[in-house]
Structure formats: structure tokens, C-alpha cells
Amino acid sequence: MNIPIGYDRRQMNNFRLILTALLTAALAACVSPPDRPVPQQSRAAPPPVYQNKAPSSPPPAQSTREQPNPALVREIRELWRTFPGKTGIAVKRIDGAWEFGFRPDEYFPQQSVSKLWVAMTMLDKIDQGKASLSDPIRIGKEDLTLFHQPMAVEVERNGAVVKTVYTLLEMALASSDNTANDALLRHAGGPEAVRRFIAKNSLGKIRFGPGERLLQSGIAGMEWKQDLSHRRNFYAARAKIPVEQRRQSLNAYLADPVDGASPLAIAGALDKLARGELLSDNSTKLLQSILKRTRSGPNRLKAGVPAGWEFLHKTGTGQELGAVATGYNDVGIMTAPDGTRYAVVVMLGDTTASIPARMRLMQSVTRAVGRYHPG
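A brief structural summary.

The rules behind the values
- Residues numbered from 1 in each chain as written.
- Predicted model: local features only at pLDDT ≥ 70, side-chain atom pairs only at ≥ 80, totals over all residues.
- Heavy atoms only, no water.
- Helix = DSSP H or I, 4+ residues; strand = E, 2+ residues; numbered from the N terminus.
- Buried < 20%, exposed > 50% of the residue type's maximum accessible area, 1.4 Å probe, protein only.
- Lys, Arg positive; Asp, Glu negative; His and termini not counted.
- Salt bridge = Lys/Arg side-chain N within 4 Å of Asp/Glu carboxyl O.
- Polar contact = N/O pair within 3.5 Å; in protein donor to acceptor, adjacent residues only side chain to side chain.
- Core = buried A, V, L, I, M, F, W, Y, C linked by side-chain atoms within 4.5 Å.
- Contact = heavy atoms within 4.5 Å.
- Axes fitted to C-alpha atoms, helices over the stretch in contact; angles between N-to-C directions.
- Parallel < 35°, antiparallel > 145°, perpendicular 65-115°, else oblique.
- Left-handed = near helix turned anticlockwise from the far one by under 90°.
- Nonpolar A, V, L, I, M, F, W, Y, C, P; charged D, E, K, R; others polar.
- Expected span 1.5 Å × (residues − 1).
- Phe/Tyr/Trp six-rings, centres within 6.5 Å; stacked < 30°, edge-to-face > 60°.

## Thoughts on the side chain of Arg300
Part 1: Residue position: Arg300 is located in the loop between α12 (281-292) and β7 (310-316).
Part 2: Despite its burial, Arg300 remains without a salt bridge, the nearest opposite charge being carried by Asp330 at 5.6 Å.
Part 3: Among the polar contacts made by the side chain of Arg300, one reaches the side chain of Thr317 at a distance of 2.7 Å.
Part 4: Within the structure, the side chain of Arg300 is placed 3.3 Å from the side chain of Tyr328, a separation counted as a polar contact.

This is the structure in C-alpha cells:
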């Protein structure tokens with residue numbers, strides 16, 4: 001390297017240091033910097049089973065409501081554990097973030113609880129402008145069903161009657177009239193229309209059967225004939241079926257109920273109904289108002305609801321064989337004075353417990369929900 005003229009040794013050393021620094025900087029500029037580790041985002045822990053994700057930064061007043069009271073869960077678990085037979089229970093905080101249950105995802109016979117889906121399908125059709133509450137529906141003797149059908153007396157006396165959709169909704173839900181329900185089912189588009197409604201709204205483990213006549217005759221191991229709808233003809237014909245044949249048919253039904261639903265799915269559907277996610281505002285209010293007037297099962301869930309609370313519900317009751325009762329159900333929505341709502345579902349797939357014992361179980365569930373309400 002040539003040193004400029006006039007530089008002494010000290011200046012020469014300084015020159016070398018400066019030149020070395022410049023060369024080092026130039027080389028560094030030509031080399032890519034080493035890869036930096038990309039910080040990994042931490043994954044949030046999955047929500048607990050049967051509990052929805054809690055909203056971020058909940059108001060302090062609601063922080064204690066983001067999960068069920070452990071004492072409530074323990075009490076209902078003990079009720080469920082000690083009750084004879086196959087029992088399913090689900091409780092869901094509507095507008096909240098928790099739910100829990102016992103046998104919550106198993107299929108239980110719905111029986112008349114399934115009238116809820118018929119009514120919703122009918123109201124959904126009205127919301128779409130394809131039907132009206134004032135539509136007249138003719139019901140003749142050929143349309144009668146079996147078991148509980150108060151309308152049958154009027155039909156048999158007059159030969160036929162004409163009822164509006166609104167009247168049939170009231171009769172099917174508040175009075176649990178099977179003939180009224182089947183008439184609505186036909187007007188709504190039949191079983192497939194109900195199944196489409198359930199699927200469209202992602203209601204989960206809820207099945208819908210073939211209608212009351214085929215469902216009940218199949219459970220009894222019989223073939224449906226229309227004369228079975230007259231008076232007590234069905235009971236007389238069923239009594240002639242060998243007990244073992246009836247037992248086999250009933251057991252097959254209980255093992256895989258064609259009208260089965262899980263307690264948690266029903267609680268979820270009631271939650272969606274209460275939130276106005278299934279029907280128009282008018283149809284939601286109409287359906288809820290009718291369910292508040294339900295006359296069946298006054299000593300089931302309703303009898304345990306605390307004074308001052310509102311309650312709407314739908315019952316279901318299946319066939320019995322010997323000491324075994326099946327499909328003994330009640331599902332509903334409890335509303336506390338402060339507006340907090342709970343969906344409560346109790347389903348007895350089969351049990352040898354007495355009717356008073358079944359009622360006490362259901363009352364104990366709603367009574368516990370009310371007692372542990374934090375409001």
C-alpha cells in the first residue's frame with residue numbers, strides 16, 4: 001500500500017486504522033443479517049367441556065357468572081346419580097357463558113317435546129311469507145291420531161272441523177293435542193320440512209320422527225290403521241300384543257329413538273329461541289307466549305321455579321310397559337326477576353320411579369337453579 005507523501009509514522013498508523021474501519025463497514029453492508037427468531041403467539045387454552053368461551057374483559061359485576069356455581073353442579077349431579085333409570089339433564093345460562101349436563105350428548109326419546117320443532121317450522125314458513133296464522137285447516141276423522149287429543153270429541157261429533165294455524169298452535173303446545181300437532185305438521189310440509197328446519201339452524205342432536213300415529217304404533221310393535229284412532233281402540237289392540245313383542249319393540253326404540261334428542265342440544269335450541277336467532281321477533285314472542293300458557297306438567301319443572309320468576313316449557317310423556325315408564329320429559333326457560341335466563345332440560349329415557357318421584361326430581365332441578373342464582 002502506498003503511503004501519501006508527508007505522513008509521519010503516527011499519521012500513517014491513524015490512516016491504517018481509518019482505512020481498516022472503512023473496509024470492515026463496507027464488507028458488513030454486503031452480508032445479510034442473521035435470521036431473527038420469530039416470536040410465537042401463545043395459544044389460548046381450550047374452553048372447558050360444556051362451557052362456551054367467556055367474553056374478553058367481562059364487567060366486574062358479571063365475572064362470577066362466567067361459570068356455573070360448583071355447588072349447583074354438585075347438587076344436580078347427585079340428583080342425577082341417585083335417580084333410577086336412564087336420566088339426562090342439561091342447564092344452560094342464556095346470554096351467559098356456561099352450560100353443563102349429565103348424559104348431555106346422548107339421545108333420549110322426546111315424545112311431545114318434539115312439538116316444539118313442528119311449531120317452529122310452521123312459524124318459520126309464516127316468516128317466509130309462505131303461510132299465515134289465519135290459514136284454515138280442515139281436520140276430519142281420517143286425521144285423528146291417538147292418546148291425548150281433546151279435539152277428537154269435536155271432530156267425531158261434527159264429522160270435521162276447521163281450525164286456523166294460530167288455534168292449532170295453541171292446542172298443540174299449550175294443551176299438547178296430538179291431532180292438532182299432526183295437522184300443523186302436514187301444513188308445514190311434513191317430517192322432512194321439520195328436519196330441514198333443524199338442519200338449517202344447526203340445532204345438533206335433534207331428530208324428528210314420522211308423526212304421532214306411526215311413531216306410537218311402532219313403539220308398541222303394531223301396524224297403524226286409522227280405526228285405531230277411535231275412542232280406546234288403540235289401547236284394546238295393544239293389549240292383545242304379546243308382552244315380549246311389545247318389550248322388544250320398546251327396547252329397540254329406547255336404544256335408538258327415532259325422535260331422539262340430546263339434553264344439551266335441546267338446551268341450545270331453547271337458547272337460540274330466547275335470543276331470537278330462530279324466528280322473527282313476532283314469531284318468537286308468539287311462541288314464547290303460548291309456552292307460558294302450557295297446561296301439561298304443572299307439577300314437573302314448573303313446580304320448582306321460585307316465586308316471581310317466569311317460566312315457559314313443553315312436556316313429553318311416552319308409553320309404559322309394566323313398571324317401566326319411558327320418555328317422561330320437561331324442557332323450559334326460567335327467567336329471574338333481574339332478567340337472567342336459564343334453559344333447563346330433564347329427560348327420563350326409562351325409569352321405574354313413581355310419578356311423584358319423577359316430579360320431585362324435576363322440581364329439585366329448577367329449585368336448585370333458582371337457589372344458586374347469583375342475582
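Still more to cover.
## Points about the nonpolar core
Part 1: Trp117, Ile266 and Leu287 are the most contacted members of the largest nonpolar core, which has 59 residues in total.
Part 2: Discounting residues that sit within four places of it in the chain, Leu287 has contacts with Ala119, Met120, Leu123, Leu173, Leu273 and Leu279.
Part 3: Counting residues in each nonpolar core, the second largest holds 27 residues, with Val73, Leu301, Phe311 and Ala357 among its members.

## Examining the packing of helix α5 (residues 165-174) against α12
Part 1: Taken N-terminus to C-terminus, the directions of α5 and α12 make an angle of 45°; their axes are 9 Å apart at the nearest point. One element, α5, and the other, α12, form an angle in the oblique class. For the element pair α5 and α12, the recorded crossing hand is right-handed. Along its contact with α5, which presents Tyr166, Leu169, Glu170, Leu173 and Ala174, the element α12 presents Leu286, Leu287, Ile290 and Leu291.
Part 2: Here the residues of the contact of α5 with α12 sort into 8 nonpolar, no polar and 1 charged.

## A word on helix α3 (residues 115-127)
Each α-helix turn comprises 3.6 residues. Residues three or four places apart therefore point the same way.
Part 1: Here α3 contains 13 residues, and its C-alpha end-to-end distance of 18 Å stays within 8% of the 18 Å for a straight helix at 1.5 Å per residue.
Part 2: Extensive coverage of α3 is indicated by the burial of 11 of its 13 residues.
Part 3: Remark: Gly129 follows α3 within two positions and exhibits a positive phi of approximately 80°.

## What about the packing of α3 against helix α7 (residues 191-200)?
Part 1: The interhelical angle for the contact between α3 and α7, taken along N-to-C directions, is 85°, at an axis separation of 9 Å. Between α3 and α7, the angle is such that the two are roughly perpendicular. Residue-level contacts link Trp117, Val118, Met120, Thr121 and Asp124 of α3 to Ala193, Val194, Phe197, Ile198 and Lys200 of α7.
Part 2: Tallied by class, the residues present in the contact of α3 with α7 amount to 7 nonpolar, 1 polar and 2 charged.

## Topic: the side chain of Ser112
Part 1: Relative to the elements of secondary structure, Ser112 occurs in the loop between β3 (108-109) and α3.
Part 2: Other than its neighbours up to four places away in sequence, Ser112 contacts Ser176, Asn178, Lys314, Thr315, Gly316 and Thr317.

## With respect to the pattern of salt bridges
Part 1: This structure, assessed with the given rule, holds 19 salt bridges.
Part 2: The salt bridge involving Lys92 is made with Glu99; its shortest N-O contact spans 2.6 Å. Comparing Lys92 with Glu99, the two get one shared label, buried.
Part 3: For the salt bridge of Glu320 with Arg358, the shortest nitrogen-to-oxygen distance reads 3.9 Å. Of this pair, Glu320 sits in strand β8 (residues 320-321) while Arg358 sits in helix α13 (residues 355-371); the two residues are 38 residues apart in sequence, bridging distant segments of the chain.
Part 4: Using a relative accessible area of 42% as the deciding quantity, one classes Glu320 as partly exposed.
Part 5: Put simply, Lys86, Arg103 and Glu106 are held in one network by salt bridges that share partners.

## Quick notes on the packing of aromatic side chains
Part 1: The full count for this structure, using the stated rule, is 8 aromatic pairs.
Part 2: Between Trp98 and Tyr342 the ring centres are 6.0 Å apart and the planes differ by 45°, which places this aromatic pair in the tilted class. Placement of Trp98 in the loop between β1 (86-94) and β2 (99-102) and of Tyr342 in strand β10 (residues 341-351) is noted, with a sequence separation of 244 residues between them.
Part 3: Among the residues examined, Tyr342 registers a relative accessible area of 4% and is labelled buried.

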